[in-house]
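One letter stands for each residue in the lines below.
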Amino acid sequence: MVRPCPSVGPRGRLRAWPGARELAPSLRARPARCRRLLPRGGAAPAGGGAEAGPGGGPGCAGGAAVKAGDMTDNIPLQPVRQKKRMDSRPRAGCGEWLRCCGGGEPRPRTVWLGHPEKRDQRYPRNVINNQKYNFFTFLPGVLFNQFKYFFNLYFLLLACSQFVPEMRLGALYTYWVPLGFVLAVTIIREAVEEIRCYMRDKEVNSQVYSRLTARGTVKVKSSSIQVGDLIIVEKNQRVPADMIFLRTSEKNGSCFLRTDQLDGETDWKLRLPVACTQRLPTAADLLQIRSYVYAEEPNIDIHNFVGTFTREDSDPPISESLSIENALWAGTVTASGTVVGVVLYTGRELRSVMNTSNPRSKIGLFDLEVNCLTKILFAALVVVALVMVALQHFAGRWYLQIIRFLLLFSNIIPISLRVNLDMGKIVYSWVIRRDSKIPGTVVRSSTIPEQLGRISYLLTDKTGTLTQNEMVFKRLHLGTVAYGLDSMDEVQSHIFSIYTQQPQDPPAQKGSAPTTKVRRTMSSRVHEAVKAIALCHNVTPVYESNGVTDQAEAEKQYEDSCRVYQASSPDEVALVQWTESVGLTLVGRDQSSMQLRTPGDQILNFTILQLFPFTYESKRMGIIVRDESTGEITFYMKGADVVMAGIVQYNDWLEEECGNMAREGLRVLVVAKKSLAEEQYQDFEVWMLTGDKLETATCTAKNAHLVTRNQDIHIFRLVTNRGEAHLELNAFRRKHDCALVISGDSLEVCLKYYEYEFMELACQCPAVVCCRCAPTQKARIVRLLQERTGRLTCAVGDGGNDVSMIQESDCGVGVEGKEGKQASLAADFSITQFRHLGRLLMVHGRNSYKRSAALSQFVIHRSLCISAMQAVFSSVFYFASVPLYQGFLIIGYSTIYTMFPVFSLVLDKDVKSEVAMLYPELYKDLLKGRPLSYKTFLIWVLISIYQGSTIMYGALLLFESEFVHIVAISFTSLILTELLMVALTIQTWHWLMTVAELLSLACYVASLVFLHEFIDVYFIATLSFLWKVSVITLVSCLPLYVLKYLRRRFSPPSYSKLTS
């Protein structure tokens, strides 16, 4: 992306140089205040404009309208627009909690500095709690979540029925061991997750801070902090509660905050202390004055604050208004100096807490579908039981017979299904963690891996997630010459030559404006460009102790090894770091001055006269500085090329070169300058306007390939009422195959009045970009998509402001990045890079879903086979409720004899991972749910009935004189049939599958010696036994092999051509 530079042209017009950088613009909301700044002199009507480039600071969003010579030809002044306040009500359920705890409805408060005992209402404890359960509710809660689903409840009732003698059909362990195993796995998994969550909360609540008291400074845990406490927060320390900024150790009287865990922005935010308390000699004097803060009620708005600070013991009393610039929200981190603040809100009243939703247990769609199938199987079980009793003409105690038949055919609903699926989820999680192509991936919720294979809507945060937000200066273009990464040493030599040739006099023009046209050398042109970039920004250098030099000495000597740059945007830092690399170093800055160091260690001093912060509406920033050595006043401006092209002096290369660099994937930034006479500087007036990020959103949609080259992007204009929303929706309805870009404020209005219509239109778009969204808005969008479409959603984010969206979605993915681990810890899956999401969904998600679908249906088939054999057996023997297989046979059938081959299906795959990544259509096929549908379920039911009936009737026809031969022939044929069916189902053989097949067969053969109670050991060694078993197995399996061949021959699946 791109960087720029300027030069002075004839007649005082601006000339410009474009430069290059990588830029990842942000879609999230940044603080924006509407206010009017008065000039330091006479005021005149405003015309023109100045603003920061794409890396400008968000402290106050706004464009600057400037009247300065002929710069103001065609830039109209726009009126002030007040930012709409967000809903101040607490999140759902918060008010109920407040009333339960005695706090009542949230209301404004008066907080006395250093006197928490003088509170006018009850406040919550400053405790962070993200757990789903506590010590007393854990076991009841987990059991309730398990047994509220039909599947588990059915097996609980089945196991309990075996305590009644009239209903017992076998040993208790055959019912209780499988159920106990399932519950134990679930309880252990939930316990581990709860313990991890508890430890994370404990770590946060146990962080130690310093509190100012009448006895001096005392240490206090975060959980013990109260409203009214004066808390000291050191540099790089987390703010423990919502506070008002009172004092800072920084000499410039301000501090920077890192707010990435609150609003998702990696940009640092500038905060200002209360002027009255900052002027006090020491922090201890805060306890000697009689003062208080009147604050608004707790609300979810992280971008605004309304309050007043009052000091009563001064004459006259001092009262200062408070805004977001004076607020320190919990969860942010101080990036500079030591700050002192008074606590306003704690616990559940924190802005960060009110913007997050309560954690919930997620149940996968696949589990719900399996639960639905078990209900169908239960209905079939009841029908079979009733038919058996009806064929007995309801004789005797028929109601007990119904219960016995229900227990006898209970295998129709296999309890091993739950065991196999849970173990399969563990395997899927292990495979994901071990994938070397997505290193660092963590599975935090092992219950929903199949969800990854059926995502219809992907909602992603942008900064740090969709883009990495890393800036690199790539190119400097001066019109006739360009400097790239490989020629930056030439720029450095030009800067060095300028300051070594004129060591006694800084290279600046004398006087307020040029009087003659002088052809400048290339060195002077490069120097002017570099100096413009070194001065036009919002960066502040900060000096830290490095263990050798103390902080005061480092700041005094401008020690390079101790200096770090702080700014509201990382791309601003990239610009200053580049000017340092070529020889012009920013070494000092406060609110009124700036210092640069030359290659000859000369210090250039500049006075900051005016600063025009960047806004996303005007897309530019500006700064007016006075060179202390010459008195020259210079106006520097930088901004997007589309804006600056109409402001700078006309030339024939700017548009062409900017277009060339944009086509290379660079973001163009144009920098310009203009020298001002004293009279010109006095003759202007500045307006700060609220900005938006729609342009940034549009660029992101294009750069991320969310839309194709042939698709249009509709920018939804700002609407504030129902009529405007109606007109804009009608305009949008007339467009087809068009991506949508909409701001959070407009989205709120549309959802308020036209929720159904808006969601209907949005769901038809190939992509939707929502900018300036609050955390609760993100979660609401996810919830509306789920409700309106019934499809699965996946939310991806990397900041604390994404937690609500991640928890609300069906499948949450957190990205561990520059914004910390809060989103990662709250997500179901954690990845280290956004690009890993493709493999997570299209390979692991697809495989998990297809494998679980095949596994579940095969387990059902395995149980239905033996149930069909039981039905045939009971029908032949006068509908007696006598089990065909008893004791170890029935347990061994679903465990050691068939468990390993059947479970090996979790290793099966239809295509290679590279093919799955190359053809997204393979993933799209899964959205129809065909791997597990009523159609496939019915096919497996028919197969089970056919094979079970074939085996049982074959055994009855071919048995000789003893009943025990029926058991031997049918059971052996059943085992062999299952092993062959597994082989028929497998699409890609894994060596473990072969081992599982051979191991299971060997286990059965070896166990025959010990099964003399059920099987005639001498009979199974005869040739008669072998041919009868072979014939029955062949009849039950051969037709299915033939059908599979014919299907692949005449109706191959979509992936068959890819595998070949």
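Residues numbered from 1 in each chain as written. Predicted model: local features only at pLDDT ≥ 70, side-chain atom pairs only at ≥ 80, totals over all residues. Heavy atoms only, no water.

A. Structural view of the packing of aromatic side chains. For the structure shown, the criterion picks out 21 aromatic pairs. Ring geometry for Phe 135 against Phe 136: centres 5.4 Å apart, planes inclined by 90°, an arrangement best described as edge-to-face. A relative accessible area of 69% means that Phe 136 is categorised as exposed. Judged by centre distance (4.7 Å) and plane angle (45°), the rings of Phe 873 and Phe 877 are tilted. When its relative accessible area of 32% is taken as the criterion, Phe 877 is described as partly exposed. Among the aromatic residues, ring-to-ring pairing joins Tyr 885, Tyr 893, Tyr 897, Phe 971 and Tyr 1004 into one connected group. Above the face of the Phe 1050 ring, Arg 1049 is positioned so that its terminal group lies 5.5 Å from the ring centre. (Phe/Tyr/Trp six-rings, centres within 6.5 Å; stacked < 30°, edge-to-face > 60°. Buried < 20%, exposed > 50% of the residue type's maximum accessible area, 1.4 Å probe, protein only. Lys NZ or Arg CZ within 6 Å of the ring centre and 35° of its normal.)

B. Spotlight on the UniProt feature "transmembrane region" (unreviewed entry) in the chain. Taken from the UniProt record, the annotation "transmembrane region" (unreviewed entry) applies to residues 368–392, 398–417, 859–879, 885–907, 937–957, 963–984, 991–1011 and 1017–1043. The distance separating the terminal C-alpha atoms of residues 398–417 is 31 Å; by composition the span is 65% helix and 0% strand. End C-alpha atoms of residues 859–879 are separated by 26 Å, and the span's content is 86% helix alongside 0% strand. (UniProt positions renumbered as here; feature names shortened; annotations may be inferred. Helix = DSSP H or I, 4+ residues; strand = E, 2+ residues; numbered from the N terminus.)

C. Structural view of the environment of Ser 429. Structurally, Ser 429 is set in helix α10 (residues 416–434). Since its relative accessible area comes to 2%, Ser 429 is described here as buried. Each C-alpha atom, one on Ser 429 and one on His 844, is 9.1 Å from the other, the two residues being 415 residues apart in sequence. Beyond its immediate chain neighbours, meaning those up to four positions away, Ser 429 contacts Val 443 and Ser 446. (Contact = heavy atoms within 4.5 Å.)

D. Spotlight on the packing of helix α8 (residues 365–391) against α10. Relative orientation of the contacting elements α8 and α10 amounts to 170°, with a least axis distance of 12 Å. Classified by the angle between their axes, α8 and α10 sit roughly antiparallel to one another. Where α8 abuts α10, its residues Phe 366, Asp 367 and Val 370 lie against Leu 417, Arg 418, Leu 421 and Lys 425. Residues belonging to the contact of α8 with α10 are distributed by class as follows: four nonpolar, no polar and three charged. (Axes fitted to C-alpha atoms, helices over the stretch in contact; angles between N-to-C directions. Parallel < 35°, antiparallel > 145°, perpendicular 65-115°, else oblique. Nonpolar A, V, L, I, M, F, W, Y, C, P; charged D, E, K, R; others polar.)

E. Looking closely at the sheet that holds strand β31 (residues 738–743). The strand order β30-β31-β32 describes an open sheet built from three strands, whose pairing is parallel. The outermost strands of the open sheet, each flanked by one partner alone, are β30 (712–715) and β32 (768–771). Each neighbouring strand pair of the sheet contributes to a mean axis angle of 20°, computed without reference to strand direction. Two elements, β30 and β31, share four bridges in a ladder whose sense is parallel. By the bridge assignment, His 714 is partnered in β31 with Leu 740. Here helix α20 (residues 744–753) sits on the sheet in contact with β31 and β32, set at roughly 100° to β31. (Pairing = 2+ DSSP bridges.)

F. Broad picture of unusual backbone geometry. For the bond from Asp 315 to Pro 316, the omega torsion is 0°, close enough to zero to count as cis. Within the secondary structure layout, Pro 316 lies in the loop between β12 (307–311) and β13 (318–322). Of note in this structure, His 393 is not a glycine but carries a positive phi near 65°. Structurally, His 393 can be placed in the loop between α8 and α9 (398–408). Residue classification places His 393 among the exposed positions, given a relative accessible area of 68%. Here the phi dihedral of Phe 394 falls at roughly 50°; this positive angle occurs in a residue that is not glycine. Of note, Phe 394 is situated in the loop between α8 and α9. Judged by its relative accessible area of 40%, Phe 394 is partly exposed.

G. Main features of a nonpolar patch on the surface. Judged by side-chain polarity, Leu 980, Leu 1034, Leu 1038, Tyr 1041, Val 1042, Leu 1043, Tyr 1045, Leu 1046 and Phe 1050 come together as a nonpolar surface patch covering roughly 900 Å² of accessible area. Tracing the backbone through its elements, the reader meets Leu 980 in helix α31 (residues 963–985). The class of Leu 980 is partly exposed, set by a relative accessible area of 35%. (Patch = residues over 30% accessible without salt bridge, like charges linked within 9 Å, V, L, I, M, F, W, Y side chains within 5 Å. Areas by Shrake-Rupley, 256 points an atom, 1.4 Å probe, with all protein chains shown as cover. Salt bridge = Lys/Arg side-chain N within 4 Å of Asp/Glu carboxyl O.)

H. Region of interest: the pairing of β31. Most of β31 sits inside the fold, with six of its six residues counted as buried. Neither face of β31 is left uncovered, since the one carrying Cys 738, Leu 740 and Ile 742 and the one carrying Ala 739, Val 741 and Ser 743 both have all their residues buried. Following the backbone out of β30, through helix α19 (residues 722–733) and into the adjacent parallel β31, one traces a crossover that is right-handed. Taken together, the four bridges between β31 and β32 define a ladder with parallel strand orientation. Looking at the pairing, Ser 743 lines up with Cys 771 of β32. (Right-handed = clockwise from strand over helix to strand, strands pointing away.)

I. Seen up close, the packing of helix α25 (residues 836–876) against helix α30 (residues 934–958). As a packed pair, α25 and α30 sit with axes 7 Å apart at the nearest point and diverge in direction by 40°. With respect to their mutual orientation, α25 and α30 come out oblique. Where α25 crosses over α30, the handedness of that crossing is right-handed. Residue composition of the contact of α25 with α30, grouped by class: 18 nonpolar, seven polar and no charged. (Left-handed = near helix turned anticlockwise from the far one by under 90°.)

J. Expanded view of the nonpolar core. Within the largest apolar cluster, 55 residues are counted, with the highest numbers of intra-cluster contacts made by Phe 155 and Phe 409. Split by domain, this core shows at least three residues from each of two domains, domain 1 (127–207) and domain 3 (416–437 + 838–1050). Within the second largest apolar cluster, 46 residues are counted, among which are Val 220, Ile 244, Phe 245 and Phe 309. (Core = buried A, V, L, I, M, F, W, Y, C linked by side-chain atoms within 4.5 Å. Domains from an automatic or database assignment.)

K. Main features of the sheet that holds strand β16 (residues 339–345). In space, the six strands of this open sheet follow the order β6-β5-β7-β16-β8-β14, with antiparallel pairing throughout. Taken across any chain shown, the strands that pair with only one partner, and hence form the sheet edges, are β6 (216–221) and β14 (327–328). Here three bridges tie strand β5 (residues 208–213) to strand β7 (residues 230–233), and the two strands are oriented antiparallel to one another. Looking at β7, one finds that Leu 212 is bridged to Leu 230.

L. View of the side chain of Ser 830. Structurally, Ser 830 can be placed in strand β35 (residues 829–831). What Ser 830 contacts, discounting residues up to four positions off in sequence, is Gly 440, Thr 441, Val 442, Arg 444, Gly 814, Glu 816 and Ser 824.

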